[in-house]
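Working through the structure, step by step
What follows is each chain in one-letter form.
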Amino acid sequence: GCLLLWLLPSVLRAQSGEEARSRSPACQQSPTKVSCKGAGLRKFPKELGHGVKYLELSNNFIQSLSGSSMPGFGQLEYLDLCSNQLEAVSATALAQLPQLRSLLLGSNRLDRNSLANGRAFRLLGKVEVLDLSANNLESHAAGWYISNLTRLRTLDLSGNKMTRLPAGIFWSSPRLRELDLSDNYIVEIEEGAFEALEELEVVNLALNSLHCISGFSLTQLRVLNLSHNALELFVWEEGAEPYLLQVLDLSHNRLLSFPELPRAHYLTHLNLSNNLIASLLPGSGHPGRFVLLYEDMVRINRTRPAAAGLPRVADLDLSNNRLELFPFPFFHSLGSLHSLSLAGNCLQEVAGESLAGGTEPSGRSPTLSVRSLDLRDNALRALPPWFFGSLPRLEAIDLGSNSLQPCESQGSGRGGGSGGGSHVPAPAGTCTPFYNVPRLKHLNLGKNNIPRLLPFAFNQTPLLSLDLSGNKDLFLPKEALGGLEFSLQKLSLRGNQMDDSKAELPCLATLKVLDLSGNNLSHLPTGLLCSPLESLDVRNNNLRALGERALASWSPSLRDVAVAGNPFSCCSLAWLDT
């Protein structure tokens, strides 16, 4: 009797095993929303209908949608079947979903049975959002699936095998606003492919094989991504109607020059990084060595630079190209420019409007509105004396991995950065003045081979953060950071291989974050006692102990300490108690 009672529950479980699986105990359900994501389902959970409006079935093993499996879903508006094994969709199944607005079918096998499936899709009259990404669809199959979806607003065809966009492919979806065609093999866009899409605002064509865009005429677009193609040419169609484009990404292509963008009056973000641009002269496309002389700069300013039609561009990325000169006049027309990156080029000089005598531009010379400037990874040896005066709003500049030497401040004394006092000027062109830059807050001079920082190098420049890392054997006298006592909050001296005699710090009364890792220090600089440190990194030094006095002074503020890689003495660990 005990044996029978023991077996009875198992028998009942075995008999109802299929029913238990169909009830999907792994699903989470509310009156109108059901999520069976990753529940191991192999069939559509038909018993979940009756009032459900939102159904998530992604990451399962469902292979088909048939009419018999979908009763009671007449109110369903959102259906997610991404990452299943779906290859067959019947018309009777879709006919039972008259209220469906969003259908997500990405990462399935809809390249199979595409003719029958496409006919079934004609019943999706109210669908506004459709995801067909990663289904191995070729161009004709993708066109067939969407051939009758007249209310479609958002379409994702990314990650398929499309090679061309034939004319009229989107003819039946005139209300389309967002279109993702990225990560295909598109080499050709036939004339008229987008002609019917008068409401189209966002297009993603990244990661394709396009070589040329000519006669671009989608004036209503707001966002266009053409990154990671093979573009050598991008030409707008001439006409009187202005373009509404706000974001244009042409990065990771083969452009040889700055594209001409007439009437792009609303463009705010332009990404031209990782191209082959050697010149900022419009129309110049020689990939070889390019050096822009002063006469060329004047000619740019007097004619019409390619940037002249970009009055609203706030973010311009020209990093990782082949520019050898930073031509200030080219950017004068960009009155809204806040962020500019020229990192990873071959910059050797900065060209202003003055002749080759080193004289500063006149007071009437235009200035740039840039607040963040990235010039790292170039070959700059000095910035001209007028450089920071031409960037009156500059707050952050990255000059890492160049060969810049900061000049000694004029006046070399406390508060003497306004130009008074004695001053021994450095030879012309051999150093860069970083003093008296009143709005500059963040400065990176890492990896510049700076041998010695001269006294008051940053006087009257209220820096919040300063990076001097990677300057091997840097000598940092106490006066070098003079003028930063009441502004500097973050300082990096990482990887300089400095010993105790080369690292002297003044009393930095606002310093919160300090990185001294990768040096040869056996003691912490005494000037740190008055700093309210919150984070200290002293890894990989020669420290045998941390000063108890210093740690006691930091105890109210210190939160993070990194000490690995030091030869600490086991007999001198009282500092740990502190």
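The structure displayed is predicted, hence computed values, not measured ones.

1. Looking at the pattern of salt bridges
Here the structure, examined in full by the defined rule, presents eight salt bridges. As a salt-bridge pair, Glu 87 and Arg 109 come within 3.9 Å of each other at their nearest N and O atoms. With Glu 87 in the loop between β5 (78-80) and β6 (88-89) and Arg 109 in the loop between β7 (102-104) and α4 (114-120), the pair connects residues that are 22 residues apart, well separated along the chain. The partly exposed category is assigned to Arg 109, whose relative accessible area is 30%. Put simply, Glu 395 and Arg 439 hold a salt bridge, and the shortest N to O gap is 3.5 Å. Of this pair, Glu 395 sits in the loop between β23 (372-374) and β24 (396-398) while Arg 439 sits in the loop between β24 and β25 (442-444), and the two are 44 residues apart along the sequence.

2. Focus on unusual backbone geometry
Even without a glycine there, the phi angle at Asn 113 is positive, about 55°. If you trace the backbone, Asn 113 turns up in the loop between β7 and α4.

3. Topic: the environment of Leu 383
Residue placement: Leu 383 occurs in the loop between β23 and β24. Between the C-alpha atoms of Leu 383 and Pro 406, which are 23 residues apart in sequence, the distance is 9.7 Å. Every residue in contact with Leu 383, bar those within four places of it in the chain, is listed here: Val 350, Phe 388, Leu 399, Leu 404, Cys 431, Thr 432 and Pro 433.

4. Some points on the side chain of Asn 160
Turning to its location among the elements, Asn 160 is positioned in the loop between β9 (154-156) and β10 (164-165). A distance of 3.1 Å separates a polar atom in the side chain of Asn 160 from the backbone nitrogen of Asn 136. Here Leu 137 takes part through its backbone nitrogen, which lies 2.9 Å from a polar atom of the side chain of Asn 160. Beyond its immediate chain neighbours, meaning those up to four positions away, Asn 160 contacts Leu 132, Ser 133, Ala 134, Asn 135, Asn 136, Leu 137, Asp 183, Asn 184 and Tyr 185.

5. Topic: the nonpolar core
In this structure, Phe 170, Leu 316, Phe 326, Phe 331, Phe 387 and Phe 458 are the most contacted members of the largest nonpolar core, which totals 146 residues. When contributions to this core are tallied by element, the ones reaching two or more residues are α3 (91-95), α5 (139-145), β14 (212-216), β16 (233-236) and α7 (548-554). Those residues within four positions of Phe 458 in sequence are excluded, and the remaining contacts are Phe 434, Tyr 435, Leu 443, Leu 445, Leu 453, Leu 463, Leu 466, Ala 480, Leu 481, Gly 482 and Leu 484.

6. Observations concerning a negative patch on the surface
A cluster of acidic residues, Glu 191, Glu 195, Glu 198, Glu 237, Glu 238 and Glu 260, forms a negative patch on the protein surface. Counting through the fold element by element, Glu 198 comes out in the loop between β12 (188-189) and β13 (202-204). For Glu 198, a relative accessible area of 66% corresponds to the exposed category.

7. Some details on the packing of aromatic side chains
In the structure shown here, the tally under the stated rule is 20 aromatic pairs. Pairing Phe 216 with Tyr 243 gives two aromatic rings, centres 6.0 Å apart and planes at 20°, and the pair type is stacked. Taken together, the positions of Phe 216 in strand β14 and Tyr 243 in the loop between β16 and β17 (247-249) put the pair 27 residues apart, joining distant regions of the chain. Take Phe 216: its relative accessible area is 8%, and that puts it in the buried class. Ring geometry for Phe 387 versus Phe 388: centroids 5.2 Å apart, planes at 90°, classification edge-to-face.

8. Topic: the environment of Ser 35
Mapped onto the fold, Ser 35 is located in strand β2 (residues 33-35). Here Glu 56 takes part through its side chain, which lies 2.8 Å from a polar atom of the side chain of Ser 35.

9. With respect to the state of the cysteines
Applying the stated criterion across every chain, the model contains three disulfides. Bridging Cys 27 to Cys 36, the disulfide has an S-S length of 1.9 Å. Between Cys 27 and Cys 36, the disulfide has an S-S torsion of 115° and is therefore right-handed. What pairs with Cys 407 in a disulfide is Cys 431, and their sulfur atoms sit 1.9 Å apart. A torsion of 95° about the S-S bond marks the disulfide between Cys 407 and Cys 431 as right-handed. Separated by 24 residues along the polypeptide, Cys 407 in the loop between β24 and β25 and Cys 431 in the loop between β24 and β25 bring together distant segments of the chain. Taken N- to C-terminal, the disulfide-bonded cysteines of the chain are connected 1-2, 3-4, 5-6.

Conventions we followed
Residues numbered from 1 in each chain as written. Predicted model: local features only at pLDDT ≥ 70, side-chain atom pairs only at ≥ 80, totals over all residues. Heavy atoms only, no water. Salt bridge = Lys/Arg side-chain N within 4 Å of Asp/Glu carboxyl O. Helix = DSSP H or I, 4+ residues; strand = E, 2+ residues; numbered from the N terminus. Buried < 20%, exposed > 50% of the residue type's maximum accessible area, 1.4 Å probe, protein only. Contact = heavy atoms within 4.5 Å. Polar contact = N/O pair within 3.5 Å; in protein donor to acceptor, adjacent residues only side chain to side chain. Core = buried A, V, L, I, M, F, W, Y, C linked by side-chain atoms within 4.5 Å. Patch = residues over 30% accessible without salt bridge, like charges linked within 9 Å, V, L, I, M, F, W, Y side chains within 5 Å. Areas by Shrake-Rupley, 256 points an atom, 1.4 Å probe, with all protein chains shown as cover. Lys, Arg positive; Asp, Glu negative; His and termini not counted. Charge placed at Lys NZ, Arg CZ, Asp CG, Glu CD. Phe/Tyr/Trp six-rings, centres within 6.5 Å; stacked < 30°, edge-to-face > 60°. Disulfide = S-S within 2.5 Å.

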